[in-house]
Amino acid sequence: MSNTKSLDYRNCRALGFALLAFFLSCSALRAQVTRPEAEKQLAHDIYKQFIEIQSGFTTGSTTPVAEAAVARLKAAGFADSDIFLGGASANKGNIVVRYRGTGARKPILLLAHTDVVEAKREDWTMDPFPFIERDGFFYGRGTGDDKAQAAVWIANLIRYKQEGYKPDRDIIVALTADEEGGGPYNGVDWLIKNHRDLIDAELALNEGGWGDEAHGKKIANDLQVSEKYVVNFRLEVLNKGGHSSLPVPDNAIYRLAAALQRLSSFGFPLKTNEVTAEYFRRMAKIDTSSTKDDLAKVADGSQEAMQRVAALSPRWNATLRTTCVATQLEGGHAMNALPQRAAGTVNCRVLPEDSVDYVRSALKKAVADDQVALNLVGEPSAGPASPMRPDILKAVTDATTASWPGVPVVPIMVMGATDGKALRMAGIPTYGIQGFFLDRDDIRFHGRDERMGVQSFYEGQAFLYDLVKRLTKP
Ligand SMILES: [Zn+2]
C-alpha cells in the first residue's frame, strides 16, 4: 500500500528517550493514514467544486454536480459508454459511472447523494456555499451530508484507473439527486425504475454510518445496516359543534386531548433484533461507565436491563422500540364556537420488523376511543435490514484497524432515513459506511455552519480507498 503516515509530534517533546523509542511511541500514538498529496489534492478540488455548486432541493440543481463529475472522469480517460447522465427532470441529474473489473463477481455500487438541505445566509455565521477552510475544518452546506463521500468516490475511482487496478467485479459509482427532498425526483428510485441494469449490484456502500468521536477520541467506526421507517397518522375527532355559550360534555378538543394524553403514557415493547443486539454487545465492550453491564444484558435479551438503558437516553430508547409521538395539532374554527373538528399528527419511527398494521392496532388500543379516527398518511413501506455478512464485517473491520488501530466497528440501525432503504427493498443490501469521524456532540448535518474536519476528510478518503479494494480484490 502506498499510504502515507503523517505524524504529529506536538505532545512528544523532550522526553529524553533514545531517538528510536521517541519515534516508536509517537507513531504508535498518533499514526494517521491518509493518501499521498496528489490524491488528497484531487479529492479536495472535487469536494470544493461540488460544495460550491448550489444543489438545494428547491433552490438548486444536481445536474451541474453530475456534469462536473463527468468532466473529471472523461479527463481521466473514462469512456463515454461507461458514463450515464440522466434524471427525472432537467434539474435533477444523476450520474452513474462504471469502472470495469474482471466480472468474476457481481458489481459493487458506491452511492452518494448530491442534493443538499437548503441553507440561508442569514442563518449561518458565514456564506454557506463558498468552500471555506478554517481552523482545521472545511465549511459549507454539504461538507458532511453528503458531498464528502461523493467527492471521495470520484477521486478514488480516478486513482484506481491511474493505477491500472483490476478489481474482480465492476465498481459502479452513482451520485444521485434528491435524497433530502424525496418524492418523484429521487435519483435512486428513478434509477431503480428506469435503469436498474446500470446500478444492479451485489451490494452497495452509502452514507448512514460515520466515525463516532468524543472529546477528540475515536470511539467507534459505525456501520449502518438497517434503518427505521416513518409512518404518520392523523388522529381526528368530529363533532356537531354549537354555540360556545352552551357547552356540552362531548367536545372534540377535549376528546382528542384525552386520547393524546393516553398515548403519551404508552410505550411500544422493548426488544432487540440481530443488528441492535450486536450494537449493544459491542457498545458493552467500549463503554467504561457503570452502564457497561446493563448494555451486555440488553444484548442478551434482559427486559429489566432494557428498561434501565432506555430510560438513560432517547437514542437508546429509540433503538430498542418503535416510537410514536404527537408532532402537530389543529382544531376549532372560531373563538366562540364549540369545535367541530380537532386533529393531531402522530409521527412514528418504526422498527424494520414491525408492520404498519401492528403499529396502527397498538395505537388504537392505546387511544381507546372509537370516536377518535386513526388515519394513515401516505403509503409507508418498511425496508428490510441488510444481512450482517461476515465477509463485509471483516473487510470493514480490517480496513478500520489498518487506518485506526484499536477502533472497533459497531453495526447500527439509524433512526433517520437514507436512500439505502430503496436499495434494500430492491434487493441490493446496502451498508452505510464513511470513515469520516465526527464529534458526536457537534453533528451539524442539515444545520448551521455545517463542517467536516480536514483530517477527518482525508482519513475517510484513505479508509474508503482501502475498503473498496478489500471488497473488490481478486
Ligand atoms: Zn445525506
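What counts, and at which threshold
Residues numbered from 1 in each chain as written. Predicted model: local features only at pLDDT ≥ 70, side-chain atom pairs only at ≥ 80, totals over all residues. Heavy atoms only, no water. Helix = DSSP H or I, 4+ residues; strand = E, 2+ residues; numbered from the N terminus. Rg over C-alpha atoms; globule rule 2.2 N^0.38 Å. Buried < 20%, exposed > 50% of the residue type's maximum accessible area, 1.4 Å probe, protein only. Areas by Shrake-Rupley, 256 points an atom, 1.4 Å probe, with all protein chains shown as cover. Lys, Arg positive; Asp, Glu negative; His and termini not counted. Charge placed at Lys NZ, Arg CZ, Asp CG, Glu CD. Donors = N, O, S within 2.8 Å, 3.2 Å for Na, K, Ca; no water. Tetrahedral: all angles 85-135°; square planar, octahedral: opposite > 155°, others 65-115°. Salt bridge = Lys/Arg side-chain N within 4 Å of Asp/Glu carboxyl O. Pairing = 2+ DSSP bridges. Disulfide = S-S within 2.5 Å. Polar contact = N/O pair within 3.5 Å; in protein donor to acceptor, adjacent residues only side chain to side chain. Contact = heavy atoms within 4.5 Å. Expected span 1.5 Å × (residues − 1). Arc of directions from axis to C-beta. Axes fitted to C-alpha atoms, helices over the stretch in contact; angles between N-to-C directions. Parallel < 35°, antiparallel > 145°, perpendicular 65-115°, else oblique. Left-handed = near helix turned anticlockwise from the far one by under 90°. Nonpolar A, V, L, I, M, F, W, Y, C, P; charged D, E, K, R; others polar.

> Any details on the overall build of the protein? Residues and values, ideally.
Scanning the protein for helices and strands turns up 15 helices and 21 strands. Relative to the compact-globule value of 23 Å for 474 residues, the protein shows a C-alpha radius of gyration of 25 Å, a close match. Considered along the principal axes of its C-alpha atoms, the protein spans approximately 90 × 55 × 45 Å. The 474 residues of the protein split such that 53% are buried. As presented, the protein carries roughly 21,100 Å² of accessible surface, and 53% of it is formed by carbon and sulfur atoms. Where the 57 positive side-chain charges of the protein centre and where its 58 negative ones centre are 2 Å apart.

> Got a sec to walk through the coordination of the zinc ion? Specific residues and values, please.
For the zinc ion, the protein coordination sphere consists of His113 (NE2), Asp145 (OD), Glu207 (OE) and Glu207 (OE), at 1.8 to 2.7 Å. For the zinc ion, the four donor atoms in the first shell make angles of 52 to 150° at the metal, a pattern classed as irregular. Classification of His113 by relative accessible area gives buried; the value is 2%. Accessibility expressed as a relative area gives 6% for Asp145, which makes it buried.

> Please set out the pattern of salt bridges residue by residue, giving values where relevant.
Taken as a whole and judged by the stated rule, the model has 35 salt bridges. Arg159 serves as the salt-bridge partner of Glu163, at 3.3 Å between the closest nitrogen and oxygen. Of this pair, Glu163 and Arg159 are both found in helix H4 (residues 147–163), four residues apart, which corresponds to roughly one turn of the helix. Classification of Arg159 as partly exposed rests on a relative accessible area of 23%.

> Could you give an account of the pairing of strand E16 (residues 341–350), naming the residues involved and the relevant values?
Taking burial as the measure, the ten residues of E16 include eight buried ones, the bulk of the element. One ladder, built from ten bridges, connects strand E12 (residues 229–238) with E16; its direction is antiparallel. Counted as the bridge partner of Glu236 is Ala343 from E16. Inspection of the sheet shows strand E14 (residues 323–331) paired to E16 by eight bridges, in the antiparallel sense. Residue Gly331 lies in a different strand from E16, and its bridge partner there is Ala342.

> Which residues make up the state of the cysteines, and what are the values?
For the coordinates displayed, the defined rule picks out one disulfide. A sulfur-sulfur separation of 2.1 Å characterises the disulfide bridge that pairs Cys324 with Cys348. Given an S-S torsion of about 110°, the disulfide between Cys324 and Cys348 has right-handed geometry. With a gap of 24 residues between them, Cys324 in strand E14 and Cys348 in strand E16 connect regions that are remote in the sequence. What makes Cys324 partly exposed here is its relative accessible area of 21%. Relative accessible area serves as the criterion here: at 0%, Cys348 is assigned to the buried category.

> Outline the side chain of Asp82, supporting the account with residue identities and numerical values.
Looking at the secondary structure, you find Asp82 in the loop between helix H3 (63–75) and strand E3 (83–87). Relative accessible area serves as the criterion here: at 15%, Asp82 is assigned to the buried category. Looking at Asp82, its side chain comes within polar contact range of the side chain of Arg100, at 2.8 Å. Ignoring sequence-local partners within four residues, the contact set of Asp82 consists of Val96, Val97, Arg98 and Arg100.

> I'd love a proper account of helix H12 (residues 356–367), names of residues and values included.
Taking 1.5 Å per residue, twelve residues should reach 16 Å; H12 reaches 16 Å between its end C-alpha atoms and fits that length. Here H12 has its buried residues at Val356, Val359, Ala362, Leu363, Ala366 and Val367. Looking straight down H12, one finds its buried side chains confined to an arc of 135°; they lie on one side. What points out from H12, more than 90 degrees from its buried face, is the exposed set Asp357 and Lys365.

> How would you explain the packing of helix H2 (residues 37–52) against H3 if you had to name every residue and give the values?
Between H2 and H3, the shortest axis-to-axis distance is 10 Å and the interhelical angle comes to 155°. Taken together, the axes of H2 and H3 lie roughly antiparallel to each other. Along this stretch, H2 crosses H3, giving a crossing that reads as right-handed. Mapping the contact onto sequence places Leu42, Asp45, Ile46, Gln49 and Phe50 in H2 and Val65, Ala68, Ala69 and Arg72 in H3.

> Lay out the sheet that holds strand E6 (residues 132–134) in plain terms, naming residues and giving numbers.
If you walk across this open sheet you meet the three strands as E6-E7-E21, and the pairing is antiparallel. The strands lining the two open edges of the sheet, one partner per strand, are E6 and strand E21 (451–453). Taking the axes of each pair of neighbouring strands and ignoring which way they run, one obtains an average angle of 25° across the sheet. Helix H15 (residues 454–470) rests against E6, strand E7 (137–139) and E21 of the sheet, and its axis sits at about 70° to E21.

> Provide a residue-level description of the side chain of Thr114, including the pertinent values.
Positionally, Thr114 belongs in the loop between strand E5 (108–113) and E6. Residue classification places Thr114 among the buried residues on the basis of a relative accessible area of 2%. Apart from the residues within four sequence positions on either side, Thr114 is in contact with Ser55, Thr62, Val65, Lys147, Leu175, Thr176 and Ala177.

> A description of the packing of H2 against H4 should follow, citing residues and the corresponding values.
Look at H2 against H4: their axes get within 8 Å of each other, and the N-to-C directions meet at 140°. Relative to H4, H2 is oriented oblique. Our pair here, H2 against H4, has a crossing hand that is right-handed. Two secondary-structure elements touch here, H2 through Glu39, Leu42, Ala43, Ile46, Tyr47, Phe50 and Ile51 and H4 through Lys147, Ala148, Ala150, Ala151, Ile154, Ala155, Ile158 and Arg159. Each residue belonging to the contact of H2 with H4 can be placed in one class, and the counts come to twelve nonpolar, no polar and three charged.

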